[in-house]
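What follows is each chain in one-letter form.
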Amino acid sequence: KNQVEQSPQSLIILEGKNCTLQCNYTVSPFSNLRWYKQDTGRGPVSLTIMTFSENTKSNGRYTATLDADTKQSSLHITASQLSDSASYICVAASGGSYIPTFGRGTSLIVHP
Amino acid sequence: NAGVMQNPRHLVRRRGQEARLRCSPMKGHSHVYWYRQLPEEGLKFMVYLQKENIIDESGMPKERFSAEFPKEGPSILRIQQVVRGDSAAYFCASSPPSKTEKLFFGSGTQLSVL
């Protein structure tokens, strides 16, 4: 059964600090992994995509990593801003299905 | 190129009434997904449709819920005889015809059942 587990469930940090969100996935056959950001009251928006052959990818202050051997991914946010407060969702896609597998998300709150 | 459009943004229904949620996918997208989200919870897959076909409805309750994506017009998620437990945010997403393309989400419909 395809599964995506995220940790921590929630995180509170001060503005300007860095943080790292974790994602463990069990998806077969693995195709790619995306991180989405969901602001309160809005739909999720894709931040980055990681394929099997990629280890690290950056998008501004967001850096995603992927370890295909351990089936783990992380999202690192540098120099957090108040606008980073949102839910971050890890989503793994399988080459064998049109239905990607969603994690429950990590709720990030950035305090001034 | 307009994004995924959902309407209404907010919908209030009394118990026993019907709720109809609409989703217009992005231009060129033939795949539509519906998700449900309760407060402080993750997105739960409900149904996946292609034009005129329901491909996977494994996440949708067998009773009272139905979905369609006609050849012309938006995709519709229909909930008959709503109950308080149906109160949630319902998100629609669309994608091009590929198993690995990213999903583009609408802003959701917040359904409140009184």
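Heads up: the structure comes first, above all this text.
Described below are features of the structure shown in this document. Just so we're clear, the structure is a prediction, and the values are computed from it rather than from any experiment.

Here the focus is the overall build of chain A. Counting its secondary structure elements, chain A contains zero helices and eleven strands. Put simply, chain A runs from its N terminus to its C terminus through helices and strands in the order β-β-β-β-β-β-β-β-β-β-β. By the compact-globule yardstick of 13 Å for 112 residues, chain A fits well, its C-alpha radius of gyration being 13 Å. For chain A, the C-alpha atoms occupy an extent of roughly 45 × 30 × 20 Å along the three principal directions. Per-residue burial for chain A yields a buried fraction of 46% across its 112 residues. Taking as baseline every contact in chain A between residues at least 6 positions apart, the subset at least 24 positions apart corresponds to 56%.

This part takes up the nonpolar core. Residues Tyr25(A), Leu33(A), Trp35(A), Leu75(A), Tyr88(A) and Leu108(A) are the most contacted members of the largest nonpolar core, which totals 24 residues. Of all the secondary structure elements, the ones that give two or more residues to this core are β3 (19–26), β4 (30–38), β5 (45–51), β7 (62–67), β8 (72–77), β9 (86–94) and β11 (106–111) of chain A. Contact partners of Tyr88(A), with chain neighbours within four places excluded, come to Gln6(A), Leu21(A), Trp35(A), Tyr36(A), Lys37(A), Leu47(A), Tyr62(A), Leu75(A), Ile77(A), Gly105(A), Thr106(A) and Leu108(A). Counting 23 residues, the second largest nonpolar core, distinct from the first, contains Trp34(B), Leu49(B), Phe69(B) and Val82(B).

Any space left empty among the atoms is revealed by the rolling of a water-sized probe across them. The volume enclosed by the largest pocket comes to roughly 740 Å³. In terms of lining, the largest pocket is formed by 32 residues, of which the most central are Thr40(A), Ser87(A), Gln37(B), Glu40(B) and Glu41(B). Secondary-structure elements contributing two or more residues to the lining of the largest pocket are β9 and β11 of chain A together with β9 (88–95) and β11 (109–113) of chain B. Looking at the lining of the largest pocket element by element, the count peaks at four residues for β11(A). Of the residues in the lining of the largest pocket, the class split is nine nonpolar, 17 polar and six charged. A volume near 470 Å³ is recorded for the second largest pocket. Counting residues per element, the ones that place at least two in the lining of the second largest pocket are β1 (3–7) and β10 (101–102) of chain A together with β5 (43–50) of chain B. Ranked by residues supplied to the lining of the second largest pocket, first place goes to β1(A) with four residues. Residues that form the lining of the second largest pocket fall into these classes: seven nonpolar, eight polar and four charged.

A separate point is the sheet that holds strand β7 (residues 65–68) of chain B. Residue and element names in this part refer to chain B. Taken together, the four strands give an open sheet; going across it, the order is β1-β3-β8-β7, and neighbouring strands pair in antiparallel fashion. Edge positions in the sheet fall to β1 (5–7) and β7, since each of these pairs with one other strand and no more. When the angles between neighbouring strand axes are averaged without regard to direction, this sheet yields 15°. Here β7 runs beside strand β8 (residues 75–79); their pairing, made up of four bridges, is antiparallel. Along β8, the bridge assignment pairs Phe-65 with Ile-79.

Before going further, it helps to examine the environment of Val82(B). Residues and elements named next belong to chain B. Within the secondary structure, Val-82 is located in the loop between β8 and β9. Here the alpha-carbon distance between Val-82 and Gln-6, two residues 76 residues apart in the chain, equals 19 Å. Other than its neighbours up to four places away in sequence, Val-82 contacts Arg-13, Arg-14, Arg-15, Gly-16, Gln-17, Ala-19, Arg-64 and Val-113.

Residue and element names in this part refer to chain B. Note on placement: Ala-67 falls in strand β7. Separated by 47 residues in sequence, Ala-67 and Arg-20 have C-alpha atoms that sit 9.6 Å apart. Every residue in contact with Ala-67, bar those within four places of it in the chain, is listed here: Val-47, Leu-49, Ile-54, Met-60, Ile-76 and Leu-77.

All right, on to the pairing of β9(B) then. On any regular strand, side chains alternate: one points to one face of the sheet, the next to the other face. Residues and elements named next belong to chain B. Judged by how many residues are buried, β9 sits mostly within the fold: eight of eight residues are covered. Residues Ala-88, Tyr-90, Cys-92 and Ser-94 line one face of β9 and the alternating positions Ala-89, Phe-91, Ala-93 and Ser-95 line the opposite face, and both faces are buried. Looking at chain direction, strand β4 (residues 31–37) and β9 are connected through seven bridges and run antiparallel. Residue pairing in the sheet places His-31 in a bridge with Ser-95 of β9. One ladder, built from two bridges, connects β9 with strand β10 (residues 104–105); its direction is antiparallel. Following the sheet pairing, Ser-94 is matched in β10 by Phe-104.

Definitions and cut-offs
Residues numbered from 1 in each chain as written. Chains lettered and ligands numbered in written order. Predicted model: local features only at pLDDT ≥ 70, side-chain atom pairs only at ≥ 80, totals over all residues. Heavy atoms only, no water. Helix = DSSP H or I, 4+ residues; strand = E, 2+ residues; numbered from the N terminus. Rg over C-alpha atoms; globule rule 2.2 N^0.38 Å. Buried < 20%, exposed > 50% of the residue type's maximum accessible area, 1.4 Å probe, protein only. Contact = heavy atoms within 4.5 Å. Core = buried A, V, L, I, M, F, W, Y, C linked by side-chain atoms within 4.5 Å. 1 Å grid on protein atoms, 1.4 Å probe; cavity = no way out; pocket = protein on both sides within 12 Å on 5 of 7 lines; lining within 4 Å. Points joined across faces, edges and corners; volume = space filled by probe spheres on them. Nonpolar A, V, L, I, M, F, W, Y, C, P; charged D, E, K, R; others polar. Pairing = 2+ DSSP bridges. Axes fitted to C-alpha atoms, helices over the stretch in contact; angles between N-to-C directions.

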